[in-house]
Amino acid sequence: MRIHVVNPNASESMTAGIATAAKAAAPPGVTVTTTGAAGGALSIEGPVDGALAVPWMLRRIEEAEETGVDAHVIACFDDTGLDAARCIARAPVVGIGEAAAHCATLVADRFAIVTSVPEALPVLRGNLARYGLMGRCAGLRAAGVPVLDIDAGTPEALAAIRRETRAAIEQDGADAIVLGCAGMAALAVALADEFDCPVIEGISAGLALSAALAGAGLRTSKRGGYAMPRKKAAT
(Lines give C-alpha, C1' and ligand atoms only; values in the text may rest on other atoms or scores of the structure.)
Protein backbone atom coordinates (compact mmCIF):
# COMPACT_ATOMS: atom_id res chain seq x y z
CA MET A 1 0.00 0.00 0.00
CA ARG A 2 1.27 3.47 -0.92
CA ILE A 3 0.16 6.57 0.99
CA HIS A 4 0.99 10.09 -0.10
CA VAL A 5 1.46 12.66 2.67
CA VAL A 6 1.39 16.28 1.54
CA ASN A 7 2.59 19.23 3.58
CA PRO A 8 0.53 22.22 2.34
CA ASN A 9 3.16 24.75 3.36
CA ALA A 10 6.44 25.49 1.59
CA SER A 11 8.81 24.89 4.52
CA GLU A 12 11.35 22.25 3.52
CA SER A 13 12.22 21.74 7.19
CA MET A 14 8.61 21.00 8.08
CA THR A 15 8.24 18.66 5.10
CA ALA A 16 11.31 16.74 6.28
CA GLY A 17 9.95 16.53 9.83
CA ILE A 18 6.56 15.38 8.58
CA ALA A 19 8.24 12.74 6.42
CA THR A 20 10.12 11.39 9.44
CA ALA A 21 6.97 11.30 11.58
CA ALA A 22 4.92 9.71 8.80
CA LYS A 23 7.43 6.93 8.16
CA ALA A 24 7.60 6.20 11.89
CA ALA A 25 3.80 6.06 12.11
CA ALA A 26 3.19 4.04 8.95
CA PRO A 27 1.46 0.70 9.59
CA PRO A 28 3.26 -2.47 8.44
CA GLY A 29 3.19 -2.87 4.68
CA VAL A 30 2.65 0.84 4.02
CA THR A 31 5.10 2.87 1.96
CA VAL A 32 4.93 6.62 2.56
CA THR A 33 5.82 9.34 0.08
CA THR A 34 5.92 12.90 1.44
CA THR A 35 5.75 16.04 -0.68
CA GLY A 36 5.67 19.77 0.09
CA ALA A 37 3.66 22.53 -1.52
CA ALA A 38 6.62 24.57 -2.73
CA GLY A 39 5.40 27.99 -3.79
CA GLY A 40 2.79 28.46 -1.08
CA ALA A 41 3.13 30.05 2.35
CA LEU A 42 6.06 29.01 4.55
CA SER A 43 3.61 28.26 7.36
CA ILE A 44 -0.17 28.17 7.63
CA GLU A 45 -1.42 30.44 10.37
CA GLY A 46 -4.94 31.43 9.45
CA PRO A 47 -7.27 31.62 6.44
CA VAL A 48 -5.03 33.68 4.14
CA ASP A 49 -2.06 31.32 4.41
CA GLY A 50 -4.39 28.39 3.90
CA ALA A 51 -5.97 29.87 0.78
CA LEU A 52 -2.56 30.62 -0.74
CA ALA A 53 -1.42 27.05 -0.10
CA VAL A 54 -4.34 25.24 -1.72
CA PRO A 55 -3.40 25.49 -5.44
CA TRP A 56 0.11 24.20 -4.78
CA MET A 57 -1.14 21.38 -2.58
CA LEU A 58 -3.71 20.30 -5.18
CA ARG A 59 -0.91 20.00 -7.75
CA ARG A 60 0.95 17.59 -5.49
CA ILE A 61 -2.20 15.52 -5.03
CA GLU A 62 -2.88 15.42 -8.78
CA GLU A 63 0.71 14.32 -9.39
CA ALA A 64 0.43 11.59 -6.75
CA GLU A 65 -2.89 10.40 -8.21
CA GLU A 66 -1.12 9.87 -11.54
CA THR A 67 1.31 7.47 -9.85
CA GLY A 68 -1.53 5.36 -8.44
CA VAL A 69 -1.28 5.94 -4.68
CA ASP A 70 -3.84 4.29 -2.40
CA ALA A 71 -4.58 7.29 -0.12
CA HIS A 72 -3.55 10.86 0.66
CA VAL A 73 -2.97 12.58 4.01
CA ILE A 74 -3.09 16.39 4.24
CA ALA A 75 -0.50 17.21 6.92
CA CYS A 76 -1.91 20.50 8.18
CA PHE A 77 -4.16 20.57 11.22
CA ASP A 78 -6.41 23.16 9.54
CA ASP A 79 -7.34 20.43 7.01
CA THR A 80 -6.34 22.92 4.36
CA GLY A 81 -8.13 22.40 1.05
CA LEU A 82 -9.67 19.11 2.20
CA ASP A 83 -12.90 19.37 0.21
CA ALA A 84 -11.11 20.46 -2.95
CA ALA A 85 -8.63 17.61 -2.57
CA ARG A 86 -11.43 15.08 -2.25
CA CYS A 87 -12.99 16.45 -5.43
CA ILE A 88 -9.88 15.81 -7.53
CA ALA A 89 -8.80 12.53 -5.91
CA ARG A 90 -10.26 9.08 -6.33
CA ALA A 91 -8.14 7.69 -3.51
CA PRO A 92 -9.30 8.54 0.04
CA VAL A 93 -8.07 11.90 1.37
CA VAL A 94 -7.70 12.35 5.14
CA GLY A 95 -6.94 15.62 6.93
CA ILE A 96 -4.88 15.26 10.08
CA GLY A 97 -7.18 17.59 12.03
CA GLU A 98 -10.31 15.56 11.34
CA ALA A 99 -8.43 12.29 11.88
CA ALA A 100 -6.98 13.33 15.23
CA ALA A 101 -10.29 14.68 16.55
CA HIS A 102 -12.15 11.51 15.61
CA CYS A 103 -9.46 9.33 17.18
CA ALA A 104 -9.67 11.38 20.38
CA THR A 105 -13.39 10.64 20.69
CA LEU A 106 -12.62 6.91 20.63
CA VAL A 107 -10.29 7.03 23.63
CA ALA A 108 -11.70 9.87 25.76
CA ASP A 109 -15.03 11.44 26.65
CA ARG A 110 -13.81 15.00 26.08
CA PHE A 111 -10.68 16.28 24.39
CA ALA A 112 -8.99 19.65 24.05
CA ILE A 113 -6.92 20.97 21.17
CA VAL A 114 -3.63 22.77 21.79
CA THR A 115 -2.54 24.61 18.66
CA SER A 116 -0.01 27.23 17.61
CA VAL A 117 -1.38 30.76 17.18
CA PRO A 118 -4.74 32.42 18.00
CA GLU A 119 -5.43 33.00 14.29
CA ALA A 120 -5.92 29.24 13.93
CA LEU A 121 -8.72 29.01 16.47
CA PRO A 122 -11.65 30.19 14.29
CA VAL A 123 -10.64 27.75 11.56
CA LEU A 124 -10.43 24.85 14.00
CA ARG A 125 -13.68 25.81 15.67
CA GLY A 126 -15.44 25.85 12.31
CA ASN A 127 -13.97 22.48 11.36
CA LEU A 128 -15.11 20.86 14.59
CA ALA A 129 -18.62 22.21 14.12
CA ARG A 130 -18.74 20.79 10.62
CA TYR A 131 -17.44 17.41 11.80
CA GLY A 132 -20.09 17.36 14.54
CA LEU A 133 -17.47 17.20 17.31
CA MET A 134 -17.82 20.50 19.15
CA GLY A 135 -19.85 18.78 21.85
CA ARG A 136 -16.89 16.53 22.64
CA CYS A 137 -14.33 19.35 22.69
CA ALA A 138 -13.54 20.71 26.16
CA GLY A 139 -11.56 23.64 24.80
CA LEU A 140 -9.32 25.07 22.12
CA ARG A 141 -6.10 26.69 23.26
CA ALA A 142 -3.37 28.53 21.37
CA ALA A 143 0.18 28.37 22.69
CA GLY A 144 0.89 31.73 21.09
CA VAL A 145 4.00 30.57 19.24
CA PRO A 146 4.54 30.59 15.46
CA VAL A 147 4.45 27.31 13.57
CA LEU A 148 8.07 27.62 12.48
CA ASP A 149 9.19 28.05 16.10
CA ILE A 150 7.36 24.84 16.95
CA ASP A 151 9.05 23.09 14.04
CA ALA A 152 12.42 24.36 15.28
CA GLY A 153 11.72 22.99 18.76
CA THR A 154 12.62 26.15 20.63
CA PRO A 155 12.49 25.92 24.45
CA GLU A 156 9.94 28.76 24.51
CA ALA A 157 7.64 26.88 22.14
CA LEU A 158 7.84 23.67 24.17
CA ALA A 159 7.18 25.53 27.42
CA ALA A 160 4.11 27.24 25.94
CA ILE A 161 2.69 23.96 24.64
CA ARG A 162 3.22 22.30 28.03
CA ARG A 163 1.55 25.27 29.76
CA GLU A 164 -1.55 25.10 27.58
CA THR A 165 -1.70 21.32 27.84
CA ARG A 166 -1.74 21.56 31.62
CA ALA A 167 -4.42 24.26 31.52
CA ALA A 168 -6.57 22.20 29.16
CA ILE A 169 -6.51 19.29 31.60
CA GLU A 170 -6.77 21.19 34.88
CA GLN A 171 -9.01 24.09 33.84
CA ASP A 172 -11.01 22.82 30.86
CA GLY A 173 -11.49 19.28 32.11
CA ALA A 174 -10.04 17.56 29.05
CA ASP A 175 -9.50 13.80 29.25
CA ALA A 176 -7.22 13.76 26.21
CA ILE A 177 -5.14 16.28 24.29
CA VAL A 178 -5.04 16.72 20.54
CA LEU A 179 -1.92 18.48 19.26
CA GLY A 180 -3.13 21.02 16.71
CA CYS A 181 -0.06 21.38 14.50
CA ALA A 182 1.85 18.90 12.35
CA GLY A 183 5.08 20.28 13.80
CA MET A 184 4.08 19.02 17.26
CA ALA A 185 4.14 15.35 16.26
CA ALA A 186 7.41 14.55 18.05
CA LEU A 187 6.03 15.86 21.36
CA ALA A 188 3.13 13.45 21.73
CA VAL A 189 4.83 10.61 23.61
CA ALA A 190 6.60 12.85 26.12
CA LEU A 191 3.44 14.86 26.84
CA ALA A 192 1.37 11.70 27.25
CA ASP A 193 3.87 10.40 29.81
CA GLU A 194 4.07 13.73 31.63
CA PHE A 195 0.33 14.33 31.90
CA ASP A 196 -0.80 10.68 32.09
CA CYS A 197 -3.47 10.96 29.42
CA PRO A 198 -3.84 10.21 25.71
CA VAL A 199 -2.10 12.76 23.50
CA ILE A 200 -3.08 12.41 19.86
CA GLU A 201 -1.03 13.90 17.05
CA GLY A 202 -2.46 14.11 13.58
CA ILE A 203 0.27 12.46 11.52
CA SER A 204 -0.18 9.10 13.27
CA ALA A 205 -3.97 9.45 13.25
CA GLY A 206 -4.00 10.38 9.57
CA LEU A 207 -1.78 7.48 8.57
CA ALA A 208 -3.86 5.00 10.58
CA LEU A 209 -7.21 6.14 9.18
CA SER A 210 -6.04 6.50 5.59
CA ALA A 211 -4.52 3.01 5.69
CA ALA A 212 -7.76 1.63 7.11
CA LEU A 213 -9.83 3.26 4.38
CA ALA A 214 -7.53 2.08 1.61
CA GLY A 215 -7.28 -1.38 3.14
CA ALA A 216 -11.06 -1.64 3.15
CA GLY A 217 -11.06 -0.89 -0.56
CA LEU A 218 -12.84 2.44 -0.16
CA ARG A 219 -12.51 5.27 -2.65
CA THR A 220 -13.71 8.86 -2.61
CA SER A 221 -17.25 9.14 -3.96
CA LYS A 222 -17.52 10.94 -7.27
CA ARG A 223 -21.18 11.73 -6.74
CA GLY A 224 -22.55 14.87 -5.11
CA GLY A 225 -20.21 17.12 -3.17
CA TYR A 226 -17.01 15.28 -4.08
CA ALA A 227 -17.73 14.93 -7.80
CA MET A 228 -14.88 15.72 -10.14
CA PRO A 229 -14.88 19.40 -11.17
CA ARG A 230 -16.51 20.08 -14.51
CA LYS A 231 -14.16 20.95 -17.32
CA LYS A 232 -14.40 24.59 -18.34
CA ALA A 233 -13.74 26.05 -21.75
CA ALA A 234 -10.75 28.37 -21.93
CA THR A 235 -11.55 32.06 -22.27
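Here the structure is shown first, and the text comes after it.
Nothing here was measured: the structure is a model prediction, and the numbers come from that model.

A. Seen up close, the packing of helix H7 (residues 155–170) against helix H8 (residues 188–195). Their axes nearest at 11 Å, the elements H7 and H8 cross at an angle of 45°. The angle between the axes of H7 and H8 places the two elements in the oblique class. Here H7 and H8 pass one another in a crossing that is right-handed. Taken together, the residues of H8 that come into contact with H7 (itself represented by Ile161, Arg162, Thr165, Arg166 and Ile169) are Leu191, Glu194 and Phe195.

B. Region of interest: the sheet that holds strand E2 (residues 31–36). If you trace the four strands from one edge of the open sheet to the other, you get E2-E1-E3-E4, paired in parallel fashion. Each end of this open sheet is capped by a strand with a single partner; those strands are E2 and strand E4 (93–95). Adjacent strand axes in the sheet meet at a mean angle of 20°, parallel and antiparallel pairs treated alike. Where strand E1 (residues 2–7) meets E2, six bridges bridge the pair, whose relative direction is parallel. Bridge pairing in E2 links Val5 to Thr34. Lying over the sheet, helix H2 (residues 47–67) contacts E1, E2 and strand E3 (71–74), oriented at roughly 165° with respect to E1.

C. Expanded view of the side chain of Ser11. In this fold, Ser11 is placed in the loop between E1 and helix H1 (12–25). With a relative accessible area of 6%, Ser11 lands in the buried category. Those residues in contact with Ser11 that sit more than four places away from it in its chain are Leu42, Leu148 and Asp151.

Calculation criteria
- Residues numbered from 1 in each chain as written.
- Predicted model: local features only at pLDDT ≥ 70, side-chain atom pairs only at ≥ 80, totals over all residues.
- Heavy atoms only, no water.
- Axes fitted to C-alpha atoms, helices over the stretch in contact; angles between N-to-C directions.
- Helix = DSSP H or I, 4+ residues; strand = E, 2+ residues; numbered from the N terminus.
- Parallel < 35°, antiparallel > 145°, perpendicular 65-115°, else oblique.
- Left-handed = near helix turned anticlockwise from the far one by under 90°.
- Contact = heavy atoms within 4.5 Å.
- Pairing = 2+ DSSP bridges.
- Buried < 20%, exposed > 50% of the residue type's maximum accessible area, 1.4 Å probe, protein only.

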